[in-house]
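Breakdown of the fold
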Amino acid sequence: MMDAAAAYWWEAIREKRLLVQRCTSCSLVQHPPGPWCRRCRSATTLEWTPHPGTGRIVSFTEVFRTTYPEFQSELPYWIVMIELAPGAVMVSNLVRADGEAGNRAPRIGDAVELAYRERGGTTVPVFALAEQEPAR
């Protein structure tokens, strides 16, 4: 069952917009979305904020076997944990910029950029290694 915050986030993804929640009380930027601020616990001060879809890899793993038929042709593939902002972390796939699965082996700290793919009739956010390093 999907809660209201997750449903709103997925609707934005269908429109190819990445949103994160920002607390107007304590300024925390958080992802995944939730019903209250993870820092100050306020349930009334969260607002949706557009995010440019850039971040850095903080963890990753390579997948060699899968039970999902739609991923069989993409083996092996990378699952990455992306820090979008302090406190806002997203797990997704790493794809080549040209849309194909795979890449050179990622490294912790690599800059990434958001892309969108259709999987099983659903638009999903994925990431590719950034062409240029964003300013830190």
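In case you missed it, the structure is sitting above this.
This text gives an overview of the structure that appears in the document. (Residues numbered from 1 in each chain as written. Predicted model: local features only at pLDDT ≥ 70, side-chain atom pairs only at ≥ 80, totals over all residues. Heavy atoms only, no water.)

**Regarding the overall build of the protein chain**
- A tally of regular secondary structure across the protein chain gives one helix and eight strands.
- Starting at the N terminus, the α and β elements of the protein chain follow one another as α-β-β-β-β-β-β-β-β.
- Against the compact-globule benchmark of 14 Å for 136 residues, the protein chain has a radius of gyration of 16 Å, which places it among compact chains.
- Taking the principal axes of the C-alpha coordinates as reference, the protein chain spans close to 45 × 35 × 25 Å.
- When contacts within the protein chain are restricted to residue pairs at least 6 apart in sequence, those whose partners lie at least 24 apart make up 47%. (Helix = DSSP H or I, 4+ residues; strand = E, 2+ residues; numbered from the N terminus. Rg over C-alpha atoms; globule rule 2.2 N^0.38 Å. Contact = heavy atoms within 4.5 Å.)

**Topic: helix 1 (residues 4–14)**
- Looking only at helix 1, the buried set comprises Ala 5, Trp 9, Ala 12 and Ile 13. Viewed along the axis of helix 1, the buried residues span an arc of 105 degrees, placing them on a single side of the element.
- Packed against the buried residues of helix 1 are strand 1 (19–23), strand 3 (46–50), strand 6 (88–95), strand 7 (111–119) and strand 8 (122–129).
- The opening residue of helix 1 is Asp 3, an N-cap whose side-chain oxygen sits 3.3 Å from the backbone nitrogen of Ala 5.
- Backbone geometry just after helix 1 places Lys 16 at a positive phi near 60 degrees. (Buried < 20%, exposed > 50% of the residue type's maximum accessible area, 1.4 Å probe, protein only. Arc of directions from axis to C-beta. Polar contact = N/O pair within 3.5 Å; in protein donor to acceptor, adjacent residues only side chain to side chain.)

**Some remarks on the packing of aromatic side chains**
- Using the criterion set out here, one finds three aromatic pairs in the structure.
- With a centroid separation of 5.0 Å and 40 degrees between ring planes, the pair formed by Tyr 8 and Trp 48 is classed as tilted. Of the two residues, Tyr 8 sits in helix 1 while Trp 48 sits in strand 3, which places them 40 residues apart along the sequence.
- Since its relative accessible area comes to 41%, Tyr 8 is described here as partly exposed.
- Its relative accessible area of 28% is what places Trp 48 among the partly exposed residues.
- Judged by centre distance (4.9 Å) and plane angle (85 degrees), the ring pair of Trp 9 and Trp 10 falls under edge-to-face.
- Under the relative-accessibility criterion, Trp 10 is labelled partly exposed at 26%. (Phe/Tyr/Trp six-rings, centres within 6.5 Å; stacked < 30°, edge-to-face > 60°.)

**Regarding the nonpolar core**
- If you look at the biggest cluster of nonpolar residues, it comprises 21 residues, and the most contacted ones within it are Leu 18, Ile 82, Leu 84, Val 112 and Phe 127.
- Put simply, the parts of the chain that give this core at least two residues each are helix 1, strand 1, strand 5 (77–85), strand 6, strand 7 and strand 8.
- Per-element tally for this core: the top contributor is strand 5, with five residues.
- If near-sequence neighbours (up to four positions away) are discounted, Leu 18 is found in contact with Trp 9, Ile 13, Thr 49, Pro 50, His 51, Gly 53, Leu 84, Met 90, Leu 114 and Tyr 116.
- Within the second largest apolar cluster, five residues are counted, among which are Val 95, Ala 115, Val 124 and Ala 128. (Core = buried A, V, L, I, M, F, W, Y, C linked by side-chain atoms within 4.5 Å.)

**Notes on the sheet that holds strand 8**
- Pairing within the closed barrel is mixed, and its five strands lie in the order 4-5-6-8-7. Here the strands of the sheet are splayed against their neighbours by 45 degrees on average, with no regard to which way each runs.
- Pairing analysis gives eight bridges linking strand 7 to strand 8, with the strands arranged antiparallel. Looking across to strand 8, one finds that Tyr 116 is bridged to Pro 125. (Pairing = 2+ DSSP bridges. Axes fitted to C-alpha atoms, helices over the stretch in contact; angles between N-to-C directions.)

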